[in-house]
Amino acid sequence: MIAISRFAIRNGSAVSQGRYIARTLSTEKKYVETTERNGVRTIRLSDSSSRNSLSLEMLKTLVREIKRDEDNKDVRSIVLTSEPGKVFSAGHNLKELTAVNAKSHRDVFEICSELMRAISQSPVPVIAAVDGLAAAAGCQLIAACDIAVCTERSSFSTPGANLGIFCSTPGIPLVRNVPRKSAMYMLFTGLPISGREAYECGLVSKVVANDKLDEEVRRITDAINTKSRSVVHIGKTFLYEQITLDISTAYALGTEKMVNNLKMRDAQEGIQSFLEKRKPNWSHDYENN
């Protein structure tokens, strides 16, 4: 089953567009197209006229789509992508960052931070599928995702300093993903790195041939689909929680997490299915056995 939504509004109300279901936004502009199929919610950035800039409305839309129906057991992963071979995202919309729009500057960066938190706090893995340029806040978006796959022709940059706006917030997830020297190179020079270089420094999980992106994303999402949603959720939560802890505290917390994980119905189902040489029948719940 496929569910598709296109964002639009006419005369102040949502309208149906054939197979599409439109939801109300504050403008008539379409920012993303969202589809759901086989447990995968795909959010495609669709504002090509602004090179998929992360405008205030685009940011709000992405937050809404990532958080929407987040307790739905049928949703097992979220994929962020764009039109193939073009710009994934050119970063913030510079028109919104001029002095005349000073009153909204804080809103732009606060909602951007909310988006990054929504990704890490989502109960399912969020995967970036990149085929093109991801610059500035667009690169930040990639770095914030749990998994990132790109094509060989993709490129990544944090060129804010070129325009007198240092990429301070894009640097937050960047320096947490790649070695410090690689992050400083990108932030201080503004020079782009290739998809292969992004893979080598750890910014992306995989780099594939230009015509293999969909195949690789499908391989990843299919693998996630075979897991218990609740187990993946508690694992993802712990991974982000322990990153900032010292190693002793992390191991102490990890021990408690493992012990509590084993009490879950899905944990015991997974063990029994392995011993009985059968596929597990997941409940996707958090209930104990």
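Residues numbered from 1 in each chain as written. Predicted model: local features only at pLDDT ≥ 70, side-chain atom pairs only at ≥ 80, totals over all residues. Heavy atoms only, no water.

Under an unreviewed UniProt entry, the name given to the protein chain is Enoyl-CoA hydratase domain-containing protein 3, mitochondrial, and the organism recorded is Temnothorax curvispinosus. Listed in UniProt under the heading Subcellular location (unreviewed entry), the comment for the protein chain reads: "Mitochondrion". In its Function (unreviewed entry) section, the UniProt entry covering the protein chain states "May play a role in fatty acid biosynthesis and insulin sensitivity." (UniProt positions renumbered as here; feature names shortened; annotations may be inferred.)

Scanning the protein chain from N- to C-terminus turns up 10 helices and 13 strands. A globule of 289 residues ought to have a C-alpha radius of gyration of about 19 Å, and the protein chain, at 20 Å, matches this closely. Reported as C-alpha extents along the three principal axes, the dimensions of the protein chain are approximately 65 × 50 × 40 Å. Looking at the protein chain as a whole, 46% of its 289 residues are labelled buried. Residue pairs at least 24 apart in sequence account for 64% of intrachain contacts in the protein chain once pairs closer than 6 positions are excluded. In the protein chain, the 39 positive side-chain charges and the 33 negative ones have mean positions that sit 2 Å from each other. (Helix = DSSP H or I, 4+ residues; strand = E, 2+ residues; numbered from the N terminus. Rg over C-alpha atoms; globule rule 2.2 N^0.38 Å. Buried < 20%, exposed > 50% of the residue type's maximum accessible area, 1.4 Å probe, protein only. Contact = heavy atoms within 4.5 Å. Lys, Arg positive; Asp, Glu negative; His and termini not counted. Charge placed at Lys NZ, Arg CZ, Asp CG, Glu CD.)

Here the protein chain is described as being made up of domain 1 (32-224) and domain 2 (227-276). Each of domain 1 and domain 2 was reduced to a C-alpha centroid, and the two centroids are 27 Å apart. Facing 17 residues of domain 1, the contacting portion of domain 2 comprises seven residues. With both sides pooled, the region where domain 1 packs onto domain 2 buries about 910 Å², and carbon together with sulfur makes up 43% of that total. Sorting the residues of domain 1 by area buried against domain 2 places Arg76, Ser120 and Pro123 first, and these three jointly supply 42% of that buried surface. The tally of links between domain 1 and domain 2 comes to one salt bridge. With a shortest N-O distance of 2.7 Å, Asp146 and Lys236 are connected by a salt bridge. Joining domain 1 to domain 2, the criterion identifies 11 residue pairs in polar contact (both at pLDDT 80 or more). Looking at the side of domain 1 that touches domain 2 residue by residue, the classes come out as nine nonpolar, three polar and five charged. (Domains from an automatic or database assignment. Buried area = accessible area lost by both parts, 1.4 Å probe. Salt bridge = Lys/Arg side-chain N within 4 Å of Asp/Glu carboxyl O. Polar contact = N/O pair within 3.5 Å; in protein donor to acceptor, adjacent residues only side chain to side chain. Nonpolar A, V, L, I, M, F, W, Y, C, P; charged D, E, K, R; others polar.)

Further remarks concern the environment of Leu262. In this structure, Leu262 sits in helix α9 (residues 247-262). On the basis of relative accessible area, Leu262 is assigned to the partly exposed category, the value being 47%. Residues Leu262 and Leu187, spaced 75 residues apart in sequence, show a C-alpha to C-alpha distance of 43 Å. Other than its neighbours up to four places away in sequence, Leu262 contacts Ala267, Gln268 and Ile271.

Turning our attention to the nonpolar core. Residues Leu62, Leu80, Leu115, Ile119, Ile142, Phe156 and Leu203 are the most contacted members of the largest nonpolar core, which totals 50 residues. Considering every element that reaches this core, the biggest residue donor is helix α2 (residues 105-121), with seven residues. Once residues within four sequence positions are removed from consideration, Leu115 is found in contact with Leu59, Leu62, Val63, Ile66 and Leu141. (Core = buried A, V, L, I, M, F, W, Y, C linked by side-chain atoms within 4.5 Å.)

Moving on: the sheet that holds strand β9 (residues 132-135). The pairing of strands in a sheet comes from backbone hydrogen bonds and takes either a parallel or an antiparallel form. Spatial strand order, β7-β9-β11-β12: four strands in an open sheet with mixed pairing. Each edge of the open sheet is held by one strand with a lone partner, namely β7 (86-89) and β12 (193-194). Bridging between strand β11 (residues 155-157) and β12 involves two bridges; their strand directions are antiparallel. Of the residues in β12, the one forming a bridge with Phe156 is Ile193. Here helix α3 (residues 137-144) sits on the sheet and contacts β7, β9 and β11; the angle it forms with β9, its principal contact strand, is near 95°. (Pairing = 2+ DSSP bridges. Axes fitted to C-alpha atoms, helices over the stretch in contact; angles between N-to-C directions.)

Right, let's talk about the packing of aromatic side chains for a bit. Going through the model one piece at a time under the given rule, you end up with one aromatic pair. Ring geometry for Phe166 versus Phe188: centroids 5.8 Å apart, planes at 45°, classification tilted. Taken together, the positions of Phe166 in the loop between β11 and α4 (168-175) and Phe188 in helix α5 (residues 180-189) put the pair 22 residues apart, joining distant regions of the chain. The exposure class of Phe166 is partly exposed, given its relative accessible area of 38%. (Phe/Tyr/Trp six-rings, centres within 6.5 Å; stacked < 30°, edge-to-face > 60°.)

Our focus in this paragraph is the pairing of strand β4 (residues 32-37). Pairing of β4 with strand β5 (residues 40-45) involves six bridges; the strand directions are antiparallel. Note on β5: the bridge partner recorded for Thr34 is Ile43. Taking the residues between adjacent antiparallel strands as the criterion, β4 and β5 are bridged by two residues, where Asn38 takes a positive phi near 50°.

Below, the discussion takes up the side chain of Thr34. With respect to the helices and strands, Thr34 occurs in strand β4. A polar side-chain atom of Thr34 sits 2.6 Å from a polar atom in the side chain of Glu65.

If you trace the backbone, Ser89 turns up in strand β7. The exposure class assigned to Ser89 is buried, which follows from its relative accessible area of 0%. Beyond its immediate sequence surroundings of up to four residues, Ser89 is in contact with Leu45, Arg51, Asn52, Ser53, Leu54, Leu133, Ala134, Ala135 and Gly138.

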